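Descriptive analysis of the structure
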Amino acid sequence: MSVSEKEKDPAALKEEGNTLFKAGDMQGAVCCYTKALKLCDSPAERAVLHRNRSACYLKLEDYNKAEADASRALDTDPGDVKARFRRAQAFQKLCRLDQAFLDAQRCAQMEPKNKAFQDLLRQLGAQIQQKSAQLNSTDARVQQMFSLLLDASAKDTDRQKAAQNLVVLSREEAGAEQIFRNDGVKLIQKLLQSKLEEVVLSALRTLVGLCTGHQSRTMAIVNELGMEQLCAVMGSGASTVSLAACHLLQVMFEALTEGMKREIRGKDEAILPEPSKELRSMLRHLLEMMPAANVSGPGRDSAINLLVKQVPRKSLKNPDNSLTLWVIDQGLKKILEVAGTVPELSEGPPLTDNSHMSCSVLLSKLYDDLKSDKERENFNKLCEEYVQQHFSRQGLDAKLRAIQTVSVLLQGPSDVGNRTLEMSGMMDAVISLCASKDVTHQQVAVEALIHAAGKAKRASFITANGVALLKDLYKKSENDRIRVRALVGLCKLGSAGGTDFSMKQFAEGSTLKLAKQCRKWLCNESLPPTSRRWSVEGLAYLTFDADVKEDFVEDKNALQAMFELAKSEDKTVLFAVGSTLVNCTNSYEVEKPDPQMVELAKYAKQHVPEEHPKDAPSYVEKRLVKLLEAGVVSALVCMVKQESPALTEACRECIARVFLALVERQEDRGTVVAQGGGKALIPLASDNTDVGKIKAAQALAKITITSNPEIAFPGERIYEVVRPLVSLLSLECSLLQNFEALMALTNLAGISDRLRQKIIKEKALPKIEGYMFEEHNLVRASATECMCNLVLSTEVQKLYLATGNDRLKLLVLFSGEEDERLRKAAAGTLAMLTAEQPELCAHIPDTTSHWLEIFQALLLSEISDLRHRGVVIIQNMMQAEKSLASKLIESEALEILSVLAKGGEGTPEPVSKIAQNCLDKAMEYGIIMSREGKEKAEGTEP
C-alpha cells in the first residue's frame, strides 16, 4: 500500500499507530489514531481508536485527555474493560479517587482473576483511607483555627498566628477543602474587614490557596464575596495589601480561564456554571476602578496590571480577540481618563509614578491585539474623540489633559499617538506651552515633545523647530524638573543617527557634554527619583555613541546610581536602564553589510554606515568587566522580579540580551550565577519576545555547559531549564545556538534519570536524532554525545530495540568516521547500549558488512578513549552470544586482544583488563585454549 493510500485507510493508520505504540513512539501513535478517527465512521472502530489513544495519553502523562478518550470509548461500549481500566488509572492520577475506585471495582467484577485490577483496587483503597484520615486530622486543625479567629477575647498576636496557620492549611488540597466546606469563606469575609494589616494579608493568601487551580471553588468564592469587596481591598491605601489582592484576582482569573479551556467530565460537569459571564463581570469592575477617585494609586496600578495580563490574547494564533474588543468598547475612555490625568492638577484620580507608563503598556497591548483595519480605525477614532473633546474646551487644564493623553499614547500605540498629535493646533499648543511660566504646563509640554521626537519624521521636524527651544529651557529654567527633561529632549535628538558613527545630528563633542550632564543629574541624590529617571532616559539615547559608553562605564558612581534606581519603586525606569545596558554591551543586532554592496554604495555616493572604533570587541569586553564589577547582575535580577506592566516584553528582551553578553566569557559565568543570574534567566526564557526567549535560552545553555547545573540551578529549578534549551533545537536558531543547546542537554542528561525523562517529555529526542545527520561536524558530534547520555533511559533503549529502524546502524557507521569526537560519542553510545541491552549485540553484524573493520579500528586506535570504548563493545558482544564471540575470535580481533591484554607502555590498565576478560570468555566458551591447555593437548599427540 502506498503512503497516500495508507493516509486514507483508517485500518492501516490504526495498525501503524499500534506499531509505533509498541516501539515507544507515543506522539507518533497519537497522530495516527487521531487521523484514523477523522476518517472512521464505525462507532465500534472509533471506540477502539479512542481506547488506544487513551493508552498513549497515559504514557504521555496527559491524564485529562486519557480520561476523556476512555470515557468516549465507554460511551459506545460500557463493557469495554480495557477502556474502563484506563479511565480508572487516569482518575487515580487526577486524584479523583472515588471515581477511580468505582471503575476499578467494575473491572474486578468483570474479570475477577485479573491481577492488575486487584492491585489497582488495593492501591485505591489505601489511598482513600489515607485521604480520609488526613481530612479528619485537617478538620480538627481547621476548627481550632476558626475558634481562635472568632474569639473576640483572644489576643491580637494569637489571632494573627491563627490566620497565618490558615494560610498554610489552605495550600494543601485537604486543608483547602475543609476550610471551604466549613463556611470558611464567611469567616474570611470578616477577616478582610480587620484593621490589622497582617490579618487582612493572611485572609487574602488563604483565598489564594482555596482558588488555585480550582474552578468550582473560585466561582463560589467570587459569588459569595463579590467583586466590589475584592476591588475595594485592592484599591485600599496599603500597597502590600493591594498587591496581595491583585495576586488573588490573578489566581482567580487563571482558575476560571483554565476551567473554560479544559473539558469537564464526570460528576463535576452538572454543577459547574459557565464562567465567561463572571469573567466579564470581574473585568467590568476593574475598568470601573480606572477613574474612581476613592481608589489608591497602587490599587489602580494593580487593576491596570491585571487588565494587561488577562485581556489580550496570549497567542496571535488564537483567532478570538472578543475580550479585547469588549474592553475597548466598555472601558477605553475610562483608561484614557487615567492617561490624561495630570497629578499636579486638582482634578482626576490619584496616581503613582508608574501609572502613566502602565497605562501606555495597556493601550499598546489592546491596540496590538486588534486584527483588522476596521478595528484599528475604531480605536483611533475613540482616542481622537477623547483628545478632541478636552482640547476644544475652554481653559488650559483641559488642553493639558489632552496633551498628557497624547503623551501616553505616544509611549504606547505610537501610531495612534502620532495621529492625535497631528490634530489641528496640537503641535502649536505643545510648543507654546513649553515657553509657559507655569512649571506644570512646561513639564507636560516638554514630555510630549520628547515622546514625539521618537519617530524619525518627527525628530527632523523638532530638530529644525524645537532644539533652540529645548536649549533655551535647559539653560534658563530655574526648575530642575524642566531642565532635566529639556536635557533628555536634546539627548534624544542628538542620538538620531543611532550607532552610525558618520550620522551625527550635533557638533563633535556635544553628545559627550550632554552625557556628562546626564551623569551629574543621575548622581544627584537631592533630586526626586522621577527627575533622576529622566537622566537615565537621556543616557539610553546617548549611549549609541561609543565615546559616551566608554565614559559612562568608567564612572562607577553613575553606574551604581543607575542600578539603585533600577531596584527602586519607580518601575518606569526599567526600559531606559535596559536600553542603556544593551547599548553599553553592544548586545543589539548589527547586520554586517556585504563588502561588494558597500563598494557599490560608495561608487553611487550613497551613505554607508560606519562603526565607531571603540565598538570593537576588545573595547566591549572591557566594558562588560566594568559593568560586572559595578554590580550589574544584581540590578538585572531585581528588574526581572518586578511585577509591573512597565516590565514589558521589549524590556525583558533587553535584559535577556544583556545577560547573554555577560555570560559570553566563560570566566564571568560563575559571577553571574553566584549573583542570581541563572535563576533570573528562567522566566526570561518563557515570558519574552521571540528574540528575547532565544537570547535567554542561549545564556542558560552557556551557563549549563561550563557550570555544574546542580549548583547553578539547585532543587526543582534544574528541570525548568530543559524546555528553554529544547526550544533552541530549531531551524530558526543558528547552528551555534543548536550546538550550545545540545552541549547543555548532554550535561543535564548525564545527571539523573528524572532529567532524562524530562528531556524526553519535552519532545527533544526526535530533534536530537535529526541533528545527528547535520553536516557540521561539531553539531553532529554534540547530538551524538547527547544521545550517549540519553541511552541510559530504558525508553530510549526500547527505540533501539524496535525493528525497522537504522538507529543502531548509524552508531556503528559513526564509530568508523574520521572525526575523533564523533567516533568517541558513537562508540560510547554503543558501549552503553550493548551493556544495558545485550540482545542488541546480535543485530550489530546485520547493520553493515564493515562492522568488524570498524571495531578493529577502534581497538587499534592510538587514542586510549577509543580503545577503551572498543574493548567494552567487544566484551559486551562476546558475553551476549557464543556465536558472536566465535565471529570475533575468528577475525584479527583475537590477535589485537592478545596484544592489548599483555598491557605495557601505551595501554591503560582498564583496557588490558577488559581485553583479558574477552580472552577468558573465549576460553570459557571453548573457542580458544589457554597456553597450559594447548601444551597438554600437544603432549598427548602420538
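Every residue gets a number counted from 1 within its own chain, in the order that chain's sequence is written. It should be noted that, the model being predicted, local features are given only for residues of pLDDT at least 70 and side-chain atom pairs only at 80 or more, the latter also being counted only at that level, while totals for whole chains, interfaces and linings use all residues. Calculated side-chain values reflect all of the structure's heavy atoms, with hydrogen atoms and water omitted.

1. Considerations on the overall build of the chain
In this description a helix means any DSSP run of H or I spanning at least four residues, a strand means any run of E spanning at least two, and both kinds are numbered starting from the N terminus. When helices and strands are tallied, the chain shows 55 helices and zero strands. In the chain, buried positions account for 53% of the 942 residues. Here, Shrake-Rupley sampling with a 1.4 Å probe gives the accessible areas, and only protein chains in the shown set may cover a residue. When the accessible surface of the chain is split by element, carbon and sulfur atoms take 50% of a total near 43900 Å². For each residue, the accessible area found with a 1.4 Å probe, counting protein chains only, is set against the maximum for its type, and the residue is called buried under 20%, exposed over 50%, and partly exposed in between.

2. Details of the packing of helix α32 (residues 574-585) against helix α34 (residues 617-630)
In this analysis, axes come from line fits to C-alpha atoms, helices being fitted only over the stretch in contact, and the angle between any two N-to-C directions falls in the range 0 to 180 degrees. Taken N-terminus to C-terminus, the directions of α32 and α34 make an angle of 135°; their axes are 8 Å apart at the nearest point. With respect to α34, the axis of α32 lies oblique. Residues L581, C584 and T585 of α32 form the contact with α34, whose own contacting residues are V620, R623, L624 and L627. Among the residues forming the contact of α32 with α34, the class breakdown is five nonpolar, one polar and one charged. For classification, angles of less than 35 degrees are called roughly parallel, those exceeding 145 degrees roughly antiparallel, those between 65 and 115 degrees roughly perpendicular, and all remaining angles oblique. Residues count as neighbours in contact if any of their non-hydrogen atoms are within 4.5 Å of one another. Note on residue categories: nonpolar means Ala, Val, Leu, Ile, Met, Phe, Trp, Tyr, Cys or Pro, charged means Asp, Glu, Lys or Arg, and polar means any other residue, Gly included.

3. Some points on the packing of helix α49 (residues 820-836) against helix α51 (residues 864-880)
Direction vectors running N to C along α49 and α51 enclose 25°, while the axes themselves pass 9 Å from each other. Comparing the axis directions of α49 and α51 gives the class roughly parallel. For the pair α49 and α51, the sense of crossing is left-handed. Where α49 abuts α51, its residues R823, K824, A827, G828, L830, A831, T834 and A835 lie against D865, L866, R869, V872, I873 and N876. Considering only residue class, the contact of α49 with α51 consists of seven nonpolar, three polar and four charged. The hand of a helix crossing depends on one turn: near helix anticlockwise from the far one by less than a right angle means left-handed, and clockwise means right-handed.

4. Some words on the environment of M26
Its place among the elements puts M26 in helix α3 (residues 26-39). Accessibility expressed as a relative area gives 10% for M26, which makes it buried. A C-alpha to C-alpha distance of 9.1 Å links M26 and A55, two positions 29 residues apart in sequence. Residues in contact with M26, not counting those within four places in the same chain, are F21, C56, K59 and L60.

5. Side note on the packing of aromatic side chains
Centres within 6.5 Å make a pair out of two Phe, Tyr or Trp rings, where for Trp the six-membered ring is used; the pair is then stacked when the planes are under 30 degrees apart, edge-to-face when over 60, and tilted otherwise. Applying the stated criterion to the full structure yields three aromatic pairs. Look at F85 and F117: their rings are 5.0 Å apart centre to centre, the planes differ by 50°, and that puts the pair in the tilted class. In this pair, F85 sits in helix α6 (residues 81-93) while F117 sits in helix α8 (residues 115-150), placing the two residues 32 residues apart along the sequence. Residue F85 is classed as buried on the basis of its relative accessible area of 18%. Charge-over-ring placement is defined geometrically: NZ (Lys) or CZ (Arg) within 6 Å of the ring centre, and within 35 degrees of the ring normal. Positioned over the ring face of F391 is K399, at 5.5 Å from the centre of the ring. The aromatic ring of Y719 is capped on one face by R754, whose charged end is 3.9 Å from the ring centroid.

6. As for the environment of E45
Tracing the chain through its elements places E45 in helix α4 (residues 43-59). Exposure remark for E45: the relative accessible area of 35% places this residue in the partly exposed category. Taking the C-alpha atoms as reference points, E45 and A11, separated by 34 residues in sequence, lie 8.9 Å from one another. Setting aside residues no more than four positions away along its own chain, E45 makes contact with K14 and C40.

7. Remarks on the side chain of Q92
In this fold, Q92 is placed in helix α6. Nitrogen and oxygen atoms within 3.5 Å of one another constitute a polar contact, given that in protein one can donate a hydrogen and the other can accept it, and given that sequence-neighbouring residues count only through two side-chain atoms. A distance of 2.9 Å separates polar atoms of two side chains, one belonging to Q92 and the other to Q127.

8. Notes on the confidence of the model for the chain
The quantity called pLDDT is the predictor's confidence in a given residue, expressed from 0 to 100. With 89% of its residues at a pLDDT of 70 or more, the chain has an overall mean of 84. In this model residues 497-505 is a low-confidence stretch, pLDDT under 50, and it forms 22 contacts with partners more than four residues away in sequence or in other chains. In the model, residues 934-942 has pLDDT below 50 throughout and makes one contact with residues more than four positions away in sequence or in other chains.

9. Quick look at unusual backbone geometry
A positive phi angle, near 65°, is found at C95, a position not held by glycine. Take C95: it is sitting in the loop between α6 and α7 (97-110). Looking at C95, the relative accessible area reads 56%, which means it is exposed. A positive phi is found at N586, a non-glycine position, where the angle reads about 55°.

10. Things to note about the pattern of salt bridges
Counted as salt bridges are all cases of a side-chain nitrogen of Lys or Arg within 4 Å of a carboxyl oxygen of Asp or Glu. The tally for this structure, following the rule as stated, stands at 42 salt bridges. With a shortest N-O distance of 3.0 Å, E177 and R181 are connected by a salt bridge. Of this pair, E177 and R181 are both found in helix α10 (residues 173-181), four residues apart, which corresponds to roughly one turn of the helix. Overall, R181 belongs to the exposed group, its relative accessible area being 57%. The residue D373 makes a salt bridge to R376 at a minimum N-O spacing of 3.3 Å. Note that D373 and R376 are positioned in helix α20 (residues 373-391) at a spacing of three residues, about one turn of the helix. Residue classification places D373 among the exposed positions, given a relative accessible area of 61%.

11. Things to note about the nonpolar core
Residues grouped as a nonpolar core are buried Ala, Val, Leu, Ile, Met, Phe, Trp, Tyr and Cys residues, joined through side-chain atoms within 4.5 Å. Grouped together as the largest cluster of nonpolar side chains are 260 residues, with contacts concentrated most on L286, F379, F659, L662, I768 and F855. No other element matches helix α15 (residues 239-261), which puts ten residues into this core. Other than its neighbours up to four places away in sequence, F379 contacts I328, L332, L363, L366, Y367, L370, P413 and V416. The next biggest cluster of nonpolar side chains, apart from the first, holds 14 residues, and it includes A29, C56, Y57 and L58.

12. So, α3
End to end, α3 covers 20 Å across 14 residues, agreeing with the expected 20 Å (1.5 Å per residue, within 8%). Within α3, burial applies to M26, G28, A29, V30, C32, Y33, A36 and L37. Structurally, α3 contributes buried residues whose contacts are with α2 (10-23) and α4. Given the number of residues in a helix, its expected span is that number minus one, multiplied by 1.5 Å.

13. What to know about helix α30 (residues 546-554)
Of all nine residues that make up α30, seven are buried, and the element is covered over most of its length. Those residues of α30 not exposed but buried are A546, D547, V548, K549, E550, F552 and V553. Of the surrounding elements, those touching the buried residues of α30 are α28 (510-523), α29 (529-542), α31 (556-566), α32 and α34. Regarding α30, its N-cap is D545, as a side-chain oxygen of that residue lies 2.8 Å from the backbone nitrogen of D547 further along.

14. Topic: the side chain of S407
When you line up the elements, S407 lands in helix α21 (residues 396-411). By relative accessible area, S407 is classed as buried at 1%. Setting aside chain neighbours within four positions, we find S407 in contact with E447, A448 and H451.

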